[in-house]
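# An overview of the molecular structure
Take a look at the letters that make up each chain.
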Amino acid sequence: QVQLMESGGGSVQAGGSLRLSCAVSISIFSFKAMGWYRQDPGKPRDLVAGITSIGDTTYADFVKGRFTISRDNAKNMVYLQMNSLKPEDTAVYYCAATTMPWRTVDYWGQGTQVTVSS
């Protein structure tokens, strides 16, 4: 069974940084892309950033210039470096694996809470 395990969430003040990590139980080359989504209570889950198997990246407008997604193929890890955090970035962040970017998600992680205080 494929497992995605996020870590690195927490609480930070506005302007601070956090780095999320996602450990995948199989080769991340099994998927066409990996991504990070976030969700506020009562709202849909939104794509934050994605990276394909060849390293092409995509970002939501609300994080461009502040967040950076990366991957370590040898370790089957995906990262999200989040800088200049804002209170509106507060959400549960989910790692995702997809064979059809970005129409569907094949596997989700359990989520990690990020809280940014003003």
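Located above this text is the structure these notes cover.
Before going further, it helps to spend a moment on the pairing of strand β3 (residues 18-24). The side chains of a regular strand alternate, first on one face of the sheet and then on the other. Within β3, 5 of the 7 residues are buried, which leaves it mostly tucked inside the rest of the structure. Here strand β1 (residues 4-7) pairs with β3 via 4 bridges, running antiparallel. Each bridged residue has a counterpart across the sheet, and for Leu 4 the counterpart in β3 is Val 24. Summarising the sheet, β3 and strand β8 (residues 77-82) pair through 6 bridges and their orientation is antiparallel. Bridging across to β8, Cys 22 finds its partner in Val 78.

To continue, consider the environment of Gln 13. Mapped onto the secondary structure, Gln 13 falls in strand β2 (residues 10-13). Put simply, Gln 13 and Ala 74 are 61 residues apart on the chain and 33 Å apart in space, counted from C-alpha to C-alpha. In this structure, Gln 13 is in contact with Val 116 and Ser 117, ignoring residues within four places of it in sequence.

Basis of the calculations
- Residues numbered from 1 in each chain as written.
- Predicted model: local features only at pLDDT ≥ 70, side-chain atom pairs only at ≥ 80, totals over all residues.
- Heavy atoms only, no water.
- Buried < 20%, exposed > 50% of the residue type's maximum accessible area, 1.4 Å probe, protein only.
- Helix = DSSP H or I, 4+ residues; strand = E, 2+ residues; numbered from the N terminus.
- Pairing = 2+ DSSP bridges.
- Contact = heavy atoms within 4.5 Å.

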